[in-house]
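Read off the chains here:
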Amino acid sequence: MVAPAQAQLLLRVAIEDGVNQIKVGSTTKAVVRDGSGQPLGELAAMGGGVAQAKSGKVALGNWQGSQLWIDPSQNGNVWIGNAWYRGRVLLVPRNGGLTAINYVDLEEYLYSVLGAEMDGGWPQEALKSQAVAARTYALYKRQRSNGIFDVGDDQNWQVYKGLITESAGTRSAVSATRGQVLIYNGQAILAAFHSSSGGHTENVEDVWNEPLPYLRGVPDFDQGTPVFEWTKTFSQADLSKRISGVGNITAMTPQRTSAYGSILTMKVVGDKGVRVISGEDIAAALGLRSTRFQVNRKSGTTSFQVTGRGFGHGVGLSQWGAYNLARAGYNYQQILAHYYRNTNLAKIDVR
């Protein structure tokens, strides 16, 4: 399924959602349009203003509408909030505030995502594997859109920061894999990815409940990378403040773990009671990088040491694993086949 070269697949990315006001501008002269596309006026090149939600409408200077478009001329870039982006921006009232949605070509969106999620200087085969995963993830979310935007721009989706994270390396990897996505049974997959699993990725149902045949735990190749292993130390007082309800904590022991050692639930024992808490909640309370950890009382002290592995949820592609595999000579197709089981590469058919 090969798309004609000029065809575009647009993605709608929420840069700000439900805010009171937002700065917008353009590198080139930009047309300001209402929701139906009618021109209301122009922003000067390198000019802009502050858009605000006003009585259920959007106001920008003297212009007002149920929605407002900022449409740069001559392939210019738009300023949204505090960064430059490709494409154009739609401002819509939502949840009592203002939402700014960047309409951007999917391939150009990926130039930025790769630099925000990996590093443009990483080996090309690792970047290509990230490009295919991120493109697939975006398409999967686009097919399940809320009707206003397809994805957000942070770690709850995948990180997108506009022009600042683009580089020659990211553009090259996106271009080399143009339009390629991973499919299972003819459908784009939920191409989850994370920084590092700490030796073995997770079966998806141990993290997000629903089993998926292509997100199975596999050996990871992230050994020796910066987030493979880590430790944190907490005083008893600090630990007991972060995890309340049991008094002074005396012990923390795993109650349920995944097949690969991540904490699903943990028993927290204190001098005033006992609680069973999810690994996710403990990781959030203690600021840990993952749920693959152990807690031990340091002998002869009242402090506790947390030793852990990996960074992120541990499902799907491991970015540091991809880095090591690429350095060892594996290509992106092999990397993707390892982390996403029984999937195939296909090309988006843009009509």
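Here the residue index of a chain counts from 1 through its sequence in written order. Residue-level local features of this predicted model are given only where pLDDT is at least 70; pairs of side-chain atoms are given and counted only at 80 or more, and the full residue set underlies all totals for whole chains, interfaces and linings. Water and hydrogen atoms play no part in the side-chain values, which are based on all heavy atoms of the structure.

**Examining the pairing of strand 19 (residues 273–278)**
- Paired strands are those between which DSSP finds at least two bridges. Strands are runs of DSSP state E lasting at least 2 residues, helices are runs of H or I lasting at least 4, and numbering of each runs from the N terminus. Relative to strand 19, strand 18 (residues 263–270) runs antiparallel, the two being bridged by six bridges. Bridge assignment links Val269 to a residue of strand 19, and that residue is Val274.
- Counting the residues between successive antiparallel strands, the hairpin from strand 18 to strand 19 contains two residues.

**Comments concerning the sheet that holds strand 3 (residues 30–34)**
- The strand order across the open sheet built from six strands is 1-12-11-8-3-4, with neighbouring strands paired in antiparallel fashion. Edge strands, defined here as strands with exactly one partner in the open sheet, are strand 1 (10–19) and strand 4 (39–43). Across this sheet, the average inter-strand angle for adjacent strands is 20 degrees, counted without regard to direction.
- Across seven bridges, the pairing between strand 1 and strand 12 (residues 97–105) is antiparallel. Its bridge partner lying in strand 12, Leu11 is registered against Val104.
- Helix-sheet contacts for helix 1 (residues 106–117) involve strand 1 and strand 12, and the interaxial angle to strand 12 is about 105 degrees. The axes are straight lines fitted to the C-alpha atoms, using for helices just the contacting stretch, and the angles between their N-to-C directions are given from 0 to 180°. The contact criterion used is simple: two residues touch if any of their non-hydrogen atoms lie within 4.5 Å.

**Some points on helix 7 (residues 319–327)**
- With seven of its nine residues buried, helix 7 lies for the most part within the structure.
- What helix 7 keeps buried is the set Gln319, Trp320, Gly321, Ala322, Tyr323, Leu325 and Ala326.
- Once helix 7 ends, the next one or two residues include Gly329, with phi positive near 100 degrees. Only protein chains enter the area calculation, which uses a 1.4 Å probe; residues under 20% of their type maximum are buried, those over 50% are exposed, and those in between are partly exposed.

**Examining the nonpolar core**
- Membership of the largest hydrophobic core comes to 76 residues, with the highest contact counts inside it found for Ile70, Leu91, Tyr109 and Tyr340.
- When residues in this core are grouped by element, the largest group, 10 residues, is from helix 2 (residues 124–142).
- Apart from residues lying up to four places away in sequence, Tyr340 is in contact with Ala133, Leu182, Ile189, Ala191, Ala192, Phe193, Tyr214, Leu215, Gly316 and Leu317.
- Listed in part, the 19 residues of the second largest apolar core include Ile243, Ile249, Ile277 and Leu288. Here, the term nonpolar core denotes a set of buried Ala, Val, Leu, Ile, Met, Phe, Trp, Tyr and Cys residues that are joined through side-chain atoms within 4.5 Å.

**Some points on helix 1**
- Here the expected span of a helix is defined as 1.5 Å times the quantity of residues minus one. Helix length check: helix 1, at 12 residues, gives a terminal C-alpha distance of 16 Å against a target of 16 Å (1.5 Å per residue), a fit within 8%.
- For helix 1, the set of buried residues is Leu106, Glu107, Tyr109, Leu110, Tyr111, Ser112, Val113, Leu114, Gly115 and Glu117.
- Those residues of helix 1 that are buried are in contact with strand 1, strand 12, helix 2, helix 3 (168–176), strand 15 (193–194) and helix 7.

**What to know about the layout of surface pockets**
- Cavities and pockets were defined on a 1 Å grid built from protein atoms only: a cavity is a group of points that admits a 1.4 Å probe but offers it no way out, a pocket is an open group of points flanked by protein on both sides within 12 Å along at least five of seven lines, and a lining residue is one with an atom within 4 Å of any such point. Grid points are joined across faces, edges and corners, and a volume is the space filled by probe spheres set on the points. Approximately 870 Å³ is the volume found for the largest pocket.
- Lining the largest pocket are 28 residues, with Gln155, Phe193, His194, Gly312 and His313 positioned closest to its centre.
- Mapped by element, the contributors of at least two residues to the lining of the largest pocket are helix 1, helix 2, strand 15 and helix 7.
- The element that contributes the greatest number of residues to the lining of the largest pocket is helix 2, accounting for three residues.
- Estimates place the volume of the second largest pocket at around 480 Å³.
- Taken together, 27 residues make up the lining of the second largest pocket; nearest its centre are Val207, Glu280, Ser290, Thr291 and His313.
- Those elements that provide at least two residues to the lining of the second largest pocket are helix 4 (205–208), strand 18 and helix 6 (279–286).
- Ranked by residues supplied to the lining of the second largest pocket, first place goes to helix 6 with four residues.
- Residue polarity is assigned by list, with Asp, Glu, Lys and Arg as charged and Ala, Val, Leu, Ile, Met, Phe, Trp, Tyr, Cys and Pro as nonpolar; anything else, Gly included, falls into the polar class. For the lining of the second largest pocket, the per-class residue count stands at six nonpolar, 13 polar and eight charged.

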